[in-house]
Each structure stands twice: as C-alpha cells, then as structure tokens.
Amino acid sequence: MDHFLYRNGQLYAEDVPLADIAAAVGTPFYCYSAATFTRHYQLFVDALSGMDHLVCYAMKANSNLAILKLLGDQGAGMDVVSGGEYRRARAAGVPGDKIVFSGVGKTADEMRLALTGGIRQFNVESEPEMEALNAVALSLNMVAPIAVRVNPDIDANTHEKIATGRKEDKFGIPISRAREVYAHAATLPGLKIIGIDVHIGSQLVDLAPFEAAYRKLGELTAVLRADGHDITRLDLGGGLGIPYERSNADPPLPSDYGAMVQRVLGDLGCEIEIEPGRLIAGNSGVLVSDVIYVKQGEDRDFLIIDAAMNDLIRPAMYGAYHDIVPLVEPAPGTEKHMYDVVGPVCESGDTFAKRRAMPPLKAGDLVAFRSAGAYGAVMASEYNSRPLIPEVLVSGDQFAVIRARPTFDEMLNRDTIPEWL
Ligand SMILES: *Cc1c(COP(=O)(O)O)cnc(C)c1O
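Please read all numbers here as calculations on a predicted model, not as lab measurements.

(A) Molecular detail of the pattern of salt bridges. Applying the stated criterion across every chain yields a total of 19 salt bridges. As a salt-bridge pair, E127 and R177 come within 2.7 Å of each other at their nearest N and O atoms. Within this pair, whereas E127 is found in helix α6 (residues 127-139), its partner R177 is found in the loop between β10 (173-174) and α7 (178-186), the two being separated by 50 residues in sequence. A salt bridge links R215 to E211; the shortest N-O distance between them is 2.7 Å. Highlighted residues: R215 and E211, both in helix α8 (residues 208-226), separated by four residues, approximately one helical turn. Among the charged side chains, a network of salt bridges with common partners joins R120, R233, E271 and E273.

See below:
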C-alpha cells in the first residue's frame, strides 16, 4: 500500500496534489511519501518482532539524506556499499554501530573510514578482501567485526542483472568453501568472526529461493559452530520484490517472509539482520513528468515526455515495467489509447513503454511513473546535459525539496578548461 491516491479526480501524494508540486518545482521531479517509507520499514520490524533483529535499509535504493534521516529516526540501521554511502549515513545521524558495510570491492581507504568512524560489521566477500581488512585493522590497532558472504548457489529466478546467488555471479564465496575460509579468517588477528551473510538477488517474487538459501545457511551455522566459530548473527540481505505491474500477482508480504525466517532460522539463537531496499523505497516514490508532444507515427502514437532514460534508467537497463498514470483521474469508462512512451534523449533505448494502453493524453498533461522510489534518482545521470531532476518529500500536507535541480551554471562550472587550450 502507498499514499499516492486519486482524490477528487487528482493524484495526491499524501495530502498534497502532485500538480501543486509540479507548479512549484517544475517537471520532471521525483516525489516521495514519508508515510509510505516509514510504513514499509515498520512492516519489516513487525515481521521480525519475534526474533532479535535489526532492519538495515539498503540505502543504494534511495540515499537522499532526508530519507536516511527519516528512516534512521525510526531506528533503522543502514546497509552501505561504498565510502560515499557510509558518509551519507553518518551525515544523516545514523550511528556507526548500526551500519553494515557490504560490497565486493571495498578499498583500504573505505575500510579505514568505517573502522575509525564506527561500524557494526563488514560483510566480507573474498579472501583477498579478508587479508586487506585484517591489514587495515591491525594498522589501526583495531579489530574488524566480520560476516563472510556465502554464495549458496541458488538461482533466484530474477532478472539476469540483479541475480547474485548463483555460482557464476561475482558475489561472495562458494558455500562449499565456507569452512576453509572461516578457518582462515579465524587465524587473522585483525578480524573477529561474528556471523554469516547471504544475499541471493533482487526483485524476488517467490519465497522458495529464499527458503532454500536460508536452509543452507542454517546447516552452515551448525557446521561452523562445530568448528569452533562464534556465529551470533545472520545477515539475510534484501531482495523481496514489489508489484510493479498492479495487475500482476502480488509478491510475498514482509509478514510471510518474516514467518518463514522464523520457521527456518528462529531456533539458532542468532540475531537476524535484513537489508531491504526496494521494498521500503520502491512504492514510496513517483516520477512526475510532462507530456511535451504527442507525435503520430504510422502504426502507433508516441508520447514524448520531459523525463528520459537519464532520469529513470530501469526500463532501458532492465526492461523494467512502471505503471504510468495521468495526474488527472480519467473518467470511468474512458477508452484507452495505445502509446509508446519515450523521452527526448537521442537513443532508441530512451523508451519507457511500448504499446502501452493509456487514457488519451495531450501536450501539457502530467503523468506519474509509479514505483519509482527505488533505483530511480540514485541511478540518474546528466546524460545529454540534462540536469539531475529535483527530489521532493511529502509528509501529510507539507512538502519540501530535498534535492534541488542544479542550475546550468553549476553544471558547467564542474568542468575545467585547461589553461593550455
Ligand atoms: C542491493 C542489495 C540489497 C537490497 O536489495 P533490494 O532488492 O533493493 O531489497 C541488500 N543487500 C545487499 C548486499 C545488496 O547488494
């Protein structure tokens, strides 16, 4: 459930008409609902309430400081994948002992930043990384708490680019080598083993692959404990999918997920960590855009809008589907028209939807892309010298710009022409 609903024929974000925000900030822009963010976070807290747990928001989904502050104030931890994300989490007031550092390519500088600034745990993905972290920790006279990411070789049956738990994926160490790798870690004095980490992919719409992975994790916990390791924490990653296409079958609810985790892993006496990103942020945001032209083609009409692939890359990159709805609610029974919805960027890939049935639209009408709160603004670029679009946060009847559109001067001033030119 989200808080983007029609009222009196107009699409609202909570208690604010999106058209009012469009008038104030100009299109295109991202708009987030604070109540939706906190509701989704709370669903996970409730789902795991029977177990010692921490919900670490995977902030790569949406890392605006205001969003991090909103979730941090609710008690959320953060899953970070870079030094930049670590700095953002700290700048938003999240304490180091609630920050988990994931990612396959942490540099020594990033390790130093997190160790000196405070960290809950590093999710280590390879033996060379283990050695590097050990060296950094020893050079600082510190001990780094670690979980090793194991790859359970489970095909999560999701999009090729967001599957991470198969043996051909670059993430983690093969589960078959886990005993050997943990034995190695135990010999490194700069590391302290505290748990095991697993993450099999994103946008999973079925609990079965999660359950298969968590069964393997439960077995591995027993084996590693028998080897003498102190396994007190299990980090289960993220990956629960959201319904991008409202007409489709619904993915599992956080409560179903939590019940399964409790059933499979609840008896191990471990603290459970989860790292949801998309399910917290996805349906908490929309992208609002203006129709520039309606162009009649030979066998279809093109809706040319002022948002483009540089603003929301998911359709071009993953073939992703987003519902696109007009801000003015169509009258009941309005006959649908077929459109290709495209942006102004000079690439055929700048296509949001092909042969999409929508109510008839004309130049100047506003549309909203639903489910654009995750992997939207964070993946945006300034390709074609299109400025990054603003982000707006709504809470009740108030709204604020939480990232302003840069001026063209700001954009141009980032470049330098060398003196010798
Ligand atoms: C991306 C990622 C997540 C979040 O995935 P979602 O599908 O957005 O929930 C969690 N943990 C790790 C390690 C990730 O890489």
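Read on for the rest.
(B) Spatial organisation of the site of the ligand. Around the ligand sit 13 residues, and of these K60, S202, E275, R278 and Y375 come closest. In this structure, G239 approaches the ligand through a main-chain N or O atom, which is 2.9 Å from an oxygen atom. Here an oxygen atom of the ligand sits 2.6 Å away from a polar atom, N or O, in the side chain of Y375. When the ligand is considered free in solution it has 380 Å² of accessible area, and contact with the protein chains removes 93% of it. Residue composition of the shell around the ligand, by class: three nonpolar, five polar and five charged.

(C) Up close: a nonpolar patch on the surface. Taken together, the side chains of I417, W420 and L421 present a nonpolar region at the surface, about 490 Å² in accessible area. Its place among the elements puts L421 in the segment after α12 (408-413). Overall, L421 belongs to the exposed group, its relative accessible area being 74%.

(D) The environment of F29, seen in detail. Counting through the fold element by element, F29 comes out in strand β4 (residues 29-33). By relative accessible area, F29 is classed as buried at 0%. C-alpha separation for the pair F29 and N8, spaced 21 residues apart in sequence, amounts to 23 Å.

(E) Geometry of the packing of aromatic side chains. In total, this model carries seven aromatic pairs according to the counting rule given. Relative to Y32, the ring of Y30 lies with its centre 6.3 Å away and its plane at 20°, an arrangement referred to as stacked. Neither residue differs from the other here; Y30 and Y32 are each classed as buried. Seen in terms of ring centroids, F210 and Y214 are 6.0 Å apart; in terms of plane orientation they differ by 40°. Their pairing is tilted. Of the two residues, F210 and Y214 are both situated in helix α8; the distance of four residues between them amounts to about one turn of the helix. One exposure class covers both F210 and Y214, and it is buried. By way of ring pairs, the aromatic residues Y30, Y32 and F37 are connected into one cluster. The ring of Y12 carries the charged tip of R7 above its face, separated from the ring centre by 4.7 Å. When the ring centre of F302 is taken as origin, the NZ or CZ atom of K295, which lies over that ring, is 5.9 Å away.

(F) Looking closely at the nonpolar core. Counting 100 residues, the largest nonpolar core has Y57, F122, Y214, L236, Y257 and V261 as its most contacted members. With six residues, the top contributor of residues to this core is α8. Counting only domains with at least three residues in this core, you end up with domain 1 (4-31 + 282-412) and domain 2 (34-281). The contacts of V261, once residues within four sequence positions are left out, are L48, M51, Y214, L236, G266 and I272.

Conventions adopted
- Residues numbered from 1 in each chain as written.
- Predicted model: local features only at pLDDT ≥ 70, side-chain atom pairs only at ≥ 80, totals over all residues.
- Heavy atoms only, no water.
- Salt bridge = Lys/Arg side-chain N within 4 Å of Asp/Glu carboxyl O.
- Helix = DSSP H or I, 4+ residues; strand = E, 2+ residues; numbered from the N terminus.
- Near = heavy atom within 4 Å.
- Polar contact = N/O pair within 3.5 Å; in protein donor to acceptor, adjacent residues only side chain to side chain.
- Areas by Shrake-Rupley, 256 points an atom, 1.4 Å probe, with all protein chains shown as cover.
- Nonpolar A, V, L, I, M, F, W, Y, C, P; charged D, E, K, R; others polar.
- Patch = residues over 30% accessible without salt bridge, like charges linked within 9 Å, V, L, I, M, F, W, Y side chains within 5 Å.
- Buried < 20%, exposed > 50% of the residue type's maximum accessible area, 1.4 Å probe, protein only.
- Phe/Tyr/Trp six-rings, centres within 6.5 Å; stacked < 30°, edge-to-face > 60°.
- Lys NZ or Arg CZ within 6 Å of the ring centre and 35° of its normal.
- Core = buried A, V, L, I, M, F, W, Y, C linked by side-chain atoms within 4.5 Å.
- Domains from an automatic or database assignment.
- Contact = heavy atoms within 4.5 Å.

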